[in-house]
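Working through the structure, step by step
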Amino acid sequence: AASRVWFPRVRVRKVPPSTTAVGSARWPIVWTVIVAESGSKKSPGADVTLDLVRDREAQLHEEYVERLVEYEAELDRYERAKAAWRSQKPKGGQADDDDPPRRPTPPVARSVWVDDTTTEALAVAMSENPRGLILAADELNSWLAGMDRYAGKGGVDEACFCKSHTGRSHNV
C-alpha cells in the first residue's frame, strides 16, 4: 500500500535557532509505504485508516448531490428569469438599463481521496479541493506502473511526483 497526503492550508516555518528571522516555509507532505511479503495483510491494515477517509468521501458526495439539486433549481429559476428579461427588452435593439440575470455557478464535487489518476486529473482535483487530497494506491506497483500510461515515452508523471515530494508546484 502506498499513499501521499498533502495539506496545502498548513505551512511549516523553519526558524534557525540563532536568529529570529523566518526561514523557508514548506507544505507538510506525508509519504507512507508499507513494505512486506505478499499475503502479509498490508491492505487490511491500511483499510483501517482508509475506511475513515472513505466515510468522509461518502459524506462529501452526499453534500454534493444536495448542492446539485439546489443548483438545478437555481438554474431553472435563472432560465425563467432570463426569458422574462429577454421578453422585456425593447424590440428596436436599444439597450435596457436592466442587467440580465446571473447564471448560477455549478457546485464542485469536493473530495479527500484519489486512488487511480493521471497527473492532469490530479491537478484538477487538487484545484477543486484546496484543503488537499490523499492519494492512496493499494499496490505500490500499480501506482508506479500507471505513471505516464497515456503519454507513452516522454511523459511527465514521474517528474511531477518527484517535484511534489518537496512541495514544489507543477503547472499542467
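Scroll up to find the structure.
**Description of helix α2 (residues 119-128)**
Think of an α-helix as 3.6 residues a turn; residues three or four steps apart then line up on the same face. Those residues of α2 not exposed but buried are Thr-119, Leu-122 and Ala-125. Viewed end-on, α2 has its buried residues packed into an arc of 115 degrees, placing them on one side of the element. Each element contacted by the buried residues of α2 is listed here: β5 (113-114) and α4 (157-165).

**Some thoughts on the environment of Ala-81**
Within the element layout of this structure, Ala-81 appears in helix α1 (residues 42-88). For Ala-81, a relative accessible area of 33% translates into the label partly exposed. Measuring from C-alpha to C-alpha, the distance between Ala-81 and Arg-102 comes to 9.3 Å, with 21 residues separating the pair along the chain.

**Looking at the nonpolar core**
Within the largest apolar cluster, nine residues are counted, these being Val-114, Leu-122, Ala-125, Leu-133, Leu-135, Ala-137, Trp-143, Met-147 and Phe-161. Secondary structure elements with two or more residues in this core: α2 and β6 (134-137). Counting residues in each nonpolar core, the second largest holds five residues, with Leu-50, Val-53, Ile-134 and Ala-136 among its members.

**Quick notes on the pattern of salt bridges**
Under the criterion given, the structure shown has four salt bridges. Among the salt bridges present, the one from Asp-47 reaches Arg-54, with a minimum N-O distance of 3.4 Å. Exposure remark for Asp-47: the relative accessible area of 27% places this residue in the partly exposed category. A salt bridge links Asp-51 to Arg-54; the nearest nitrogen and oxygen atoms lie 3.2 Å apart. Taken together, the residues Asp-51 and Arg-54, both in helix α1 and three residues apart, mark about one turn of the helix.

**Brief notes about unusual backbone geometry**
Trans peptide bonds make up the majority, and among non-glycine residues the majority have a negative phi. Positioned with a positive phi, Lys-41 is a non-glycine residue whose angle comes to about 65 degrees. For Lys-41, the location among the structural elements is in the loop between β4 (29-33) and α1.

**Some remarks on α4**
For α4, the full list of buried residues reads Asp-157, Cys-160, Phe-161 and Ser-164. For α4, the buried positions fall inside an angular range of 95 degrees around the axis, keeping them on one side. Residues Glu-158 and Cys-162 are exposed on α4 and point more than 90 degrees away from its buried face.

Criteria and cut-off values
- Residues numbered from 1 in each chain as written.
- Predicted model: local features only at pLDDT ≥ 70, side-chain atom pairs only at ≥ 80, totals over all residues.
- Heavy atoms only, no water.
- Buried < 20%, exposed > 50% of the residue type's maximum accessible area, 1.4 Å probe, protein only.
- Helix = DSSP H or I, 4+ residues; strand = E, 2+ residues; numbered from the N terminus.
- Arc of directions from axis to C-beta.
- Contact = heavy atoms within 4.5 Å.
- Core = buried A, V, L, I, M, F, W, Y, C linked by side-chain atoms within 4.5 Å.
- Salt bridge = Lys/Arg side-chain N within 4 Å of Asp/Glu carboxyl O.

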